[in-house]
Amino acid sequence: MSQVNDFIQRLDACPMGTAGWSRFENLCTEILAFLFVPPLNQPTRQGRTYSGVNRRDAIIPNRNITANATENSKNWHHLYLELEARMILFEFKNYDATEIGHEEVNQTRNYMTAAMGRLSIMICSKIPNDSAHRQRNTVYNQDNKVIIFITKEQLKEMLLIKDRNEDPSDLIMDLIERFYIQHE
């Protein structure tokens, strides 16, 4: 069995809700490293602020800051320039009965600092509700911060893109562009 198929099967088998939250976070971090390292650097799990008040699920450093970006890093270089995405923040929401709403978006917003940049990605077990979508528009209007939602199905799609030897970060670029088009 290929590594991609193994990841997809493990994602499908991961229980939603509190029963699978830790497994979901570990698996998603493993998948992100498979998809994006290199050109990105290894993820830091459960990165805490100095005071310990904030704990971010995963942070992946983006050191693709030079103009001579390789084919595999051109999207990350672009995101560094456009959104100052020095550190890519990932939050994992493996919700079952609970909705993914505006509170989860605000939590992610608060985790984004100037030193990290203005891009965050929420990997969700289900599609966030309307209030989450409206709130991320507010976040963009007020702070110029971009929060992208990626579902488990889209994460699987990125695995298949990688399996075809294409760049899975193209899907992230597509989602950002779709956000810009839909933003109001």
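About the thresholds
Residues numbered from 1 in each chain as written. Predicted model: local features only at pLDDT ≥ 70, side-chain atom pairs only at ≥ 80, totals over all residues. Heavy atoms only, no water. Helix = DSSP H or I, 4+ residues; strand = E, 2+ residues; numbered from the N terminus. Buried < 20%, exposed > 50% of the residue type's maximum accessible area, 1.4 Å probe, protein only. Right-handed = clockwise from strand over helix to strand, strands pointing away. Axes fitted to C-alpha atoms, helices over the stretch in contact; angles between N-to-C directions. Parallel < 35°, antiparallel > 145°, perpendicular 65-115°, else oblique. Contact = heavy atoms within 4.5 Å. Nonpolar A, V, L, I, M, F, W, Y, C, P; charged D, E, K, R; others polar. Phe/Tyr/Trp six-rings, centres within 6.5 Å; stacked < 30°, edge-to-face > 60°. Core = buried A, V, L, I, M, F, W, Y, C linked by side-chain atoms within 4.5 Å.

**Some words on unusual backbone geometry**
For the bond from Val37 to Pro38, the omega torsion is -20°, close enough to zero to count as cis. Within the element layout of this structure, Pro38 appears in the loop between helix H2 (21-36) and strand S1 (44-48). Note that the residue after Pro38, namely Pro39, is joined by a cis bond; omega there is 15°. Along the chain, the position of Pro39 falls in the loop between H2 and S1. The phi dihedral of Asn144 is positive, around 60°, even though this residue is not glycine. Positionally, Asn144 belongs in the loop between helix H5 (130-143) and strand S5 (146-151).

**Observations concerning the pairing of S5**
Across the six residues of S5, six count as buried, placing the element largely inside the fold. What you see with S5 is no split at all: Val146, Ile148 and Ile150 on one side and Ile147, Phe149 and Thr151 on the other are buried throughout. One crossover worth recording links strand S4 (residues 119-124) to the parallel S5 by way of H5, and it is right-handed.

**Topic: the packing of helix H1 (residues 3-13) against helix H6 (residues 152-163)**
Between H1 and H6, whose axes approach to 10 Å, the crossing angle comes to 175°. Judged on the interaxial angle alone, H6 and H1 are roughly antiparallel. Touching Val4, Phe7, Ile8, Leu11 and Asp12 of H1 are Lys152, Leu155, Lys156, Leu159, Leu160 and Asp163, all from H6. For the contact of H1 with H6, the per-class residue count stands at seven nonpolar, no polar and four charged.

**Points about the packing of aromatic side chains**
With the rule as written, the count across this model stands at five aromatic pairs. Aromatic side chains Phe36 and Trp76 sit 5.2 Å apart centroid to centroid with 80° between the ring planes, which places their arrangement in the edge-to-face category. Here the residue Phe36 occupies a position in helix H2, and Trp76 occupies one in helix H3 (residues 74-83), the gap between them amounting to 40 residues. The burial state of Phe36 is the same as that of Trp76; both residues are buried.

**Overview of the nonpolar core**
Counting 38 residues, the largest nonpolar core has Leu119 and Ile123 as its most contacted members. Per-element tally for this core: the top contributor is H2, with seven residues. If sequence neighbours within four positions are ignored, Ile123 has contacts with Phe24, Cys28, Leu32, Phe90, Glu91, Phe92, Lys93, Ile150 and Leu155.

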